[in-house]
Amino acid sequence: MIPGSKYNLPRQERSRQKTGTYAGVGKVSLGNGKRWTMNQILLLTGIVIVICILSGRLIDKLGVPSLLAFILLGMCFGVDGIFKISFDDYQFSELICSVSLIFIMFYGGFGTNIKEAGPVIPRAVLLSTAGVLFTAGITGLFIHLALKLPLLESFLVASVIGSTDAASVFNILRSKNLNLKENTASLLEMESGSNDPVSYMLTVIALSLMGVGGGGAIPWMIFAQVVFGLGLGAAVAGLSILVLRRLTLSDGLDTIFVVAAALLSFALPAVVGGNGYLGAYLAGILIGNAKIPHKAALVHFFDGLTGLAQILIFFLLGLLSFPRQLPAVFLPALAIMVFLTFVARPAAVFLLLAPFRCGVRQCLLVSWAGLRGAASIVFAIMAVASGAAIGYDLFHIVFCIALLSVAVQGSLLPLAARKLDMVDSAESVSRTFNDYQDQRQLHLTR
């Protein structure tokens, strides 16, 4: 049986997993149990954001992804760290991280230059759909056979970690100005931005099969997730573009309007059983690539907003973790991460890109760039907070996998690109984002 099962957790952790919910636990306290006031929380928030930004710039110079610094900083502030902040509210964390993920998903589409990505759209879509299904399938089988977990629980783990992480990929490509040959940067950006909805759908299906949410017909669930997600996401985008073109919104109001559109593109599909993340991503693509006023300013705003969302997610995930529990799950997490990185992901990439006659070097780089990160941990939090009967420490296993992936794959991605001779030094990676072309046009018209 996998190490780190619920019977090896501290007593308070076992009781929470037994009830299947973390409701009522939510408290932020000092090491001595003293509650924090609102002013203290605001002070801490400001200090953490400043430290994250400054440390992120320093870490980037060392060749390590800045998102890793945010996680480690959260662990440093946590109950096992220096500052001993006790925080273990999974439902509150799910809410905050899910909202942050909406904007990351929306910006993943909004910032993508669809003209630059045009040649690789079929490949990106195939990797983000069939690639996630294939990766989750064989990874789930590996977990079941090698780690002796029940089949449904193995599938749940594989579903949670099935997608690559948009926040991590965007952060590394932009912070390192890492443009890649053969439109590989656009391929990675579009794949990582569009595959989270598929991983989310698989996670919902796995939880449903485990009896969470009342079950229901799986075919209808898949139909609703895809059709309502795409349909309502496109509808919100179409109406938003119409409003932005027809109405003259003053500077600032157009930004607020697009923020509302991002929230609606997620919430409308979600309330009727659709895939909200799919709706948000599609709405982002349609709005971001439409001719609307002040697009460059909007891209810059969402760039900053998603940067803050990334800081919030990774710091909160580090704060939520119990580092003393990581040794118990390290070996199974390492085994899953190694299988995912060197077997499952490459198999999916080479198999699905073969019809496009992609070069071996490109396939190897795309395989290595399959980072797992915030989205996987957010989906793990969702599973824990759902009340599913999970017989192991799901959150810390996925947390450890993501930590290893960002630390190893993320840190070595620039080196791998250089060794494979895939770095395109003639062009900036900013060319794959909407703000690059728009800024140039803006300068020409002024």
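Rules used throughout
Throughout this description, residue numbers start from 1 for each chain and increase along the sequence as written. Predicted model: local features are reported for residues with pLDDT of at least 70 only, side-chain atom pairs are reported and counted for 80 or more only, and whole-chain, interface and lining totals are derived from all residues. Derived side-chain values reflect all non-hydrogen atoms in the structure, with water molecules and hydrogen atoms excluded from consideration. Secondary structure is summarised from DSSP: a helix means a run of H or I of at least four residues, a strand means a run of E of at least two, and numbering begins at the N terminus for each. Only heavy atoms matter for contacts: two residues are in contact if any of them lie within 4.5 Å across the pair. Every angle, taken between N-to-C directions, lies between 0 and 180 degrees, and every axis is a line fitted to C-alpha atoms, over only the stretch in contact when it is a helix. With the far helix as reference, a near helix turned anticlockwise by less than a right angle produces a left-handed crossing, and one turned clockwise produces a right-handed crossing. All amino acids are sorted into three groups, where Ala, Val, Leu, Ile, Met, Phe, Trp, Tyr, Cys and Pro are nonpolar, Asp, Glu, Lys and Arg are charged, and the leftover types, Gly among them, are polar. Only protein chains enter the accessibility calculation, which uses a 1.4 Å probe. A residue is then buried if its area is under 20% of the maximum for its type, exposed if over 50%, and partly exposed in between. Two rings belonging to Phe, Tyr or Trp (six-membered ring only in the last case) form a pair when the distance between their centres is within 6.5 Å. Interplanar angles under 30 degrees mark stacking, angles over 60 mark edge-to-face geometry, and anything in between is tilted.

The next thing to look at is the environment of Gln310. Of note, Gln310 is situated in helix α14 (residues 295-320). Sequence separation of Gln310 and Ser100 is 210 residues, and the distance between their C-alpha atoms is 7.4 Å. In this structure Gln310 touches Leu67, Phe70, Ile104, Ala167 and Asn171, once residues within four positions along its chain are discounted.

A few words now on the packing of helix α12 (residues 253-271) against helix α13 (residues 276-288). Between α12 and α13, whose axes approach to 7 Å, the crossing angle comes to 145°. Considering how the two elements wind past one another, α12 and α13 form a crossing that is right-handed. Here Ala261, Ala262, Ser265, Phe266, Pro269 and Ala270 of α12 come into contact with α13, specifically with Gly276, Tyr277, Gly279, Ala280, Ala283 and Ile287. Grouping the amino acids of the contact of α12 with α13 by side-chain chemistry returns nine nonpolar, three polar and no charged.

Every α-helical turn comprises 3.6 residues, leaving residues that sit three or four positions apart pointing alike. Counting buried residues along helix α7 (residues 151-160), seven of its ten residues qualify, which places the element largely inside the surrounding structure. Among all positions of α7, only Glu153, Ser154, Leu156, Val157, Ala158, Ser159 and Val160 are buried.

This next bit is on the packing of aromatic side chains. In the structure shown here, the tally under the stated rule is 15 aromatic pairs. Consider the rings of Phe110 and Phe302, whose centres lie 5.5 Å apart with planes at 45°: the pair is tilted. Of the two residues, Phe110 sits in helix α4 (residues 90-110) while Phe302 sits in helix α14, which places them 192 residues apart along the sequence. What makes Phe110 buried here is its relative accessible area of 0%. Among the aromatic residues, ring-to-ring pairing joins Phe106, Phe110, Phe301 and Phe302 into one connected group.

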